[in-house]
Amino acid sequence: MQPYDMPDEKGHFGQFGGVFVAETLIEALSELRAIYEKYRHDPDFLTELHHDLKHFVGRPSPIYHAKRWSDRVGGAQIYLKREDLNHTGAHKVNNTVGQALLAKRMGKPRIIAETGAGQHGVATATISARLGLECVVYMGSEDVKRQAPNVYRMKLLGATVVPVESGSKTLKDALNEAMRDWVTNISTTFYIIGTVAGPHPYPMMVRDFNSVVGVECKMQMNEMLGRQPDAVVACVGGGSNAMGIFYPYIDLREVRLIGVEAAGHGIETGKHAAPLTANSPIGVLHGNRTYLMQNEEGQIIETHSISAGLDYPGVGPEHAWLKDIKRAEYFAVTDTEALDAFHSLCLTEGIIPALETSHALAYAEKLAKTMKPDQVILVNLSGRGDKDINTVAKISNINL
Amino acid sequence: MSRITNTFKTLKEKNKKALIPYITAGDPHPDLTVSMMHALVDSGADMIELGIPFSDPMADGPTIQRASERALAHHVGLSHVFKMVKAFREKDTQTPLILMGYANPIEAIGVEAFVERAKTADVDGIITVDYPPEECVQFTKLLKEKNIDSIFLLSPTSELDRVKLIIEQASGFLYYVSLKGVTGAANIDIEQVKSKVGMIRELTDLPIGVGFGVRDAATAKEVAKISDAVVVGSRMVQEIENSNQDNLIQNISKLMEELREAVN
C-alpha cells in the first residue's frame, strides 16, 4: 500500500482543503508556503524547534496508564498522552512555537491569532512574549465571558485581546475577524492559525507541528508496552490535537483512529458542533472546503457545545478526508456525557481535564466497555481543565 | 457581446466612466431592494452590484457585515436574490446586474444549479470573493457557456504572474481592490492605484473597475480619472443604514447623483 501522502501541492485532501480566500491574501499564502517548504526540513530550524519544545514547552510529555479509571470503567486499559502537562496547559503550544519561529525568520514583528477556549490565544501570547513580538488575539465576545481566566492570562502576557461582536460571537467569528486584520496588515503581520483549518498551507503546517504528539506516542507505547494501542481517541473541534496524534498512525492500519465531536444537547436537537457525525453538507468556509454546519441557503448555522474550543461549525479538511476514506471514525458525545467523564477523571486519577478533552474521555469510556482488559486505548489528553472550573462550578450551582 | 461589455463600449464612445453602486440584497428589507435598484439606475448608475447575504463575510468591513446581518434577519438567501433580479428585469432589460458574494451559498445549491438560475434570472456577471481562479475552473467554464461574465478581483499584492493568470480567466471587467484591507476601509492612495492600474492595463484590453475604498464624491472623481469604472459599496450601504423607510430612496438617489456628477 502507498504511504499516506496528503495534501497535494495545492493543499487538497481529495475534494477538501484548498485555498478559498480573497485575492489580497493569495500572495501572503504563497510566501508562507515557500517559507514553510524552505524550513520544514531545515536542520537549523528543526534544532531550534526541538530545543524550544524540550526546554520551553517541557516535551516529551509522558504517557500515563489511568489504571484506576480503567478498572472503574471496566474493559480495555486506558492510557493518557499528557499534553495537559505542557507549558500553557495544552497541545496548542506545539504549533505556536513552530509558527512563531517561522514568523521570526520572515521578520514579521506582529502576530495575530484567533481563539475559542483561549488555549491557542494563551499559547500564542506566550510565545510572542518570549520572542518580543506584538500580539493581538481575536476572541468571540461569548467566549470572552466563558473563559475569563484565559483572557486575563493573555493580558498578563502582554497580548491585546479583541472581543469580536459579529455573528455568533464565537470561534468562527474570531477567525473571520483575524482574517480581516491579516488582509489589512499583511506586510507586517503573521497570522498563527490555531487549528488544522484555514487555507493551505495551514491545515498541513498545523498538523505537522502537532504531530510531535503522535511521534512521541509511537515510541513511548513501544517502550512501555512493546506494542501500539488498539485505538487512538481524540476530541475534534477544528481537529488539531486529533491530527497531531493521528497523523503518525495513519499508515499503521491496525490502529483505529477515533475523533470525538461535540454533540452539545444531542445531535437530534440540532444544537451541537458535530458536522462529521451529523453528516453535514460540504461547503466552503475560512479558506477551505470541508463538512460544514449550514442551512439550505448556505448560511453557517450557530453551533453549541459546553466547550468553547469545540464550538465550531466546520472541521479541518483532513478529518473530512480521513472520514471519507474510512481511515478514521468520528462519533459525538453530549455536554452531559463530557461533564460526567470530566468529574470521573478528576476523582479517580487526580487529573482535571479540559472540557474539550472530556469529550474524548467520555467516548473512551464507552469504547473501553466493549473491549477486553488486554486491549489498549490511547487518549490524547489534549489540555488541562483549570480554565473550565468556572463553567463547571456554574453548572453545579456553585458560586466561586 | 455581454451586457457588461456592451455598456463599457457605449460609455467609452461617449468618453464616460461607469459608475457601479453596491447594495446588499434584502438590506434594509427585501421588499425595498428592487425599487432601490431602479432608483439607483434612474439617478445615474450604469450597472448594479447586488450582494448575496452571507453569514460569514470575511472580506467585508463592519458596514457591509451589518448589511448582511440585516438581510439575514429577513432570511434573504439566493432564492430571494434571483427573484429580485427577475422582478428588476420586468422593467429594466438594459442595465447590467452583477451578483457579488461568497462561495458557500453558491455551493449550497450547487454550481450547475446556480449558473442555470442566474441565467434564467438574467444576471450578467458574478464576483465570488473567495473563489480564486484556481479553485473555480469548472464554475468559470459553466458561466462562460451561459455568457455570464466572471469578474475577478485583483489586489495591490497581486504580482505580475498572478495578474496574467487572472486576466486569462476573467471577462466583463477586472475589479481592482484599491487597498490592502476589507471593504470600506481607510482612504485609498490614488498614486499607488494609478501605477497598479497602469501595469494591469498594459496586459489587457478588459475594462478595469476600482473599488473597496471609494468613500466620497471626491475620491470617486479621482478614481474615475484612472479607471474605467468606479464601484461604491460601503458608502452606499452607510447611506442605507442612516436612512429610514420614508427617506431611503431619496437619500440613495441623492448620493448617486452626487457621485454621477463627480465621475462625469
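1. Thoughts on helix α14 (residues 355-369) of chain A
So, point 1. The terminal C-alpha atoms of α14(A), which comprises 15 residues, lie 22 Å apart, in line with the 21 Å expected from a rise of 1.5 Å per residue.
So, point 2. Most of α14(A) sits inside the fold, with 13 of its 15 residues counted as buried.

2. What to know about the nonpolar core
In a soluble, globular protein the nonpolar side chains are often hidden away together inside.
So, point 1. L99(B), F114(B), F139(B), Y175(B) and V230(B) are the most contacted members of the largest nonpolar core, which has 101 residues in total.
So, point 2. With sequence-adjacent residues up to four places away left out, F139(B) is seen in contact with I106(B), V111(B), F114(B), V115(B), I126(B), T128(B) and Y131(B).
So, point 3. Ranked by size, the runner-up nonpolar core spans 82 residues in total, among them Y79(A), L102(A), V196(A) and L276(A).

3. Overview of the pattern of salt bridges
So, point 1. Under the defined criterion, the tally for this structure stands at 44 salt bridges over all chains.
So, point 2. Across the salt bridge formed by D230(A) and R227(A), the nearest N and O atoms sit 2.5 Å from each other.
So, point 3. Overall, the relative accessible area of 29% leaves R227(A) in the partly exposed class.
So, point 4. The salt bridge partner of K141(B) is E145(B), with a shortest N-O separation of 3.7 Å. Of this pair, K141(B) and E145(B) both sit in helix α7 (residues 137-145), four residues apart, which is roughly one turn of that helix.
So, point 5. Owing to a relative accessible area of 54%, E145(B) belongs among the exposed residues under this scheme.
So, point 6. Because the salt bridges share partners, they merge into one network encompassing E37(A), R40(A), R207(A), D208(A) and E318(A).

4. Some words on the pairing of strand β15 (residues 376-381) of chain A
All names here are of chain A.
So, point 1. Of all six residues making up β15, six are buried, and the element is well covered by its neighbours.
So, point 2. What you see with β15 is no split at all: V376, L378 and N380 on one side and I377, V379 and L381 on the other are buried throughout.
So, point 3. As judged from the three bridges shared by strand β9 (residues 231-235) and β15, these two strands associate in the parallel manner. For V233, the partnering residue across the bridge sits in β15 and is V379.

5. Brief notes about a nonpolar patch on the surface
So, point 1. Together, I352(A), I389(A), I398(A) and L400(A) make up an exposed nonpolar region whose accessible area comes to about 390 Å².
So, point 2. Mapped onto the secondary structure, I352(A) falls in the loop between α13 (335-349) and α14.

6. Observations concerning the packing of helix α10 (residues 217-226) of chain B against helix α12 (residues 248-263) of chain B
Residues and elements named next belong to chain B.
So, point 1. Interhelical geometry of α10 versus α12 gives an angle of 35° and a closest axis separation of 8 Å. Note on packing geometry: the crossing formed by α10 with α12 is right-handed. Of the residues in α12, those in contact with A217, A220, K221 and A224 of α10 are E258, L259, A262 and V263.

7. Here's the deal with the side chain of R162(B)
So, point 1. Relative to the assigned elements, R162(B) resides in helix α8 (residues 160-169).
So, point 2. Dropping the residues within four chain positions of it, R162(B) is found in contact with E23(A), I26(A), P132(B), P133(B) and E134(B).

8. Points about the sheet that holds strand β7 (residues 160-164) of chain A
Residue and element names in this part refer to chain A.
So, point 1. What the four strands build is an open sheet, ordered β7-β6-β5-β8; its pairing is parallel. The open sheet terminates on both sides in strands that have one partner only, identified here as β7 and β8 (189-191). The sheet shows a mean angle of 25° between the axes of neighbouring strands, direction not considered.
So, point 2. As paired strands, strand β5 (residues 110-115) and β8 are joined by three bridges and run parallel to one another. By the bridge assignment for β8, R110 is matched with T189.
So, point 3. Most of the contacts of helix α8 (residues 171-184) go to β5, to which it runs at about 160°, and overall it touches β5, β6 (134-140), β7 and β8.

9. So, the sheet that holds strand β5 (residues 149-150) of chain B
All names here are of chain B.
So, point 1. If you walk across this open sheet you meet the nine strands as β5-β4-β3-β2-β1-β9-β8-β7-β6, and the pairing is parallel. Of all strands in the sheet, those with a lone pairing partner are β5 and β6 (153-154), marking the two edges.
So, point 2. By the bridge criterion, three bridges tie strand β1 (residues 18-24) to strand β2 (residues 48-51) in an arrangement that is parallel. Across the sheet, residue T24 finds its bridge partner in β2, namely G51.

10. Section: the packing of aromatic side chains
So, point 1. Following the criterion strictly, the structure yields 16 aromatic pairs over all chains and no others.
So, point 2. Measuring from ring centre to ring centre gives 5.2 Å for F16(A) and Y291(A), while their planes differ by 45°; the resulting arrangement is tilted. On the criterion of sequence distance, the pair formed by F16(A) in strand β2 (residues 16-20) and Y291(A) in strand β13 (residues 287-291) is long-range, its members being 275 residues apart.
So, point 3. Given a relative accessible area of 0%, F16(A) falls into the buried group.
So, point 4. Judged by relative accessible area, Y291(A) falls into the buried class, the value being 12%.
So, point 5. With 5.4 Å between their ring centres and 50° between their planes, Y131(B) and F139(B) make a pair best called tilted.
So, point 6. The rings of F20(A), F82(B), F114(B), Y131(B) and F139(B) are connected pair by pair, giving a single aromatic cluster.
So, point 7. Its guanidinium or amino end placed over the ring of Y247(A), R207(A) lies 3.8 Å from that ring's centre, counting from NZ or CZ.

Calculation criteria
- Residues numbered from 1 in each chain as written.
- Chains lettered and ligands numbered in written order.
- Predicted model: local features only at pLDDT ≥ 70, side-chain atom pairs only at ≥ 80, totals over all residues.
- Heavy atoms only, no water.
- Helix = DSSP H or I, 4+ residues; strand = E, 2+ residues; numbered from the N terminus.
- Expected span 1.5 Å × (residues − 1).
- Buried < 20%, exposed > 50% of the residue type's maximum accessible area, 1.4 Å probe, protein only.
- Core = buried A, V, L, I, M, F, W, Y, C linked by side-chain atoms within 4.5 Å.
- Contact = heavy atoms within 4.5 Å.
- Salt bridge = Lys/Arg side-chain N within 4 Å of Asp/Glu carboxyl O.
- Pairing = 2+ DSSP bridges.
- Patch = residues over 30% accessible without salt bridge, like charges linked within 9 Å, V, L, I, M, F, W, Y side chains within 5 Å.
- Areas by Shrake-Rupley, 256 points an atom, 1.4 Å probe, with all protein chains shown as cover.
- Axes fitted to C-alpha atoms, helices over the stretch in contact; angles between N-to-C directions.
- Left-handed = near helix turned anticlockwise from the far one by under 90°.
- Phe/Tyr/Trp six-rings, centres within 6.5 Å; stacked < 30°, edge-to-face > 60°.
- Lys NZ or Arg CZ within 6 Å of the ring centre and 35° of its normal.

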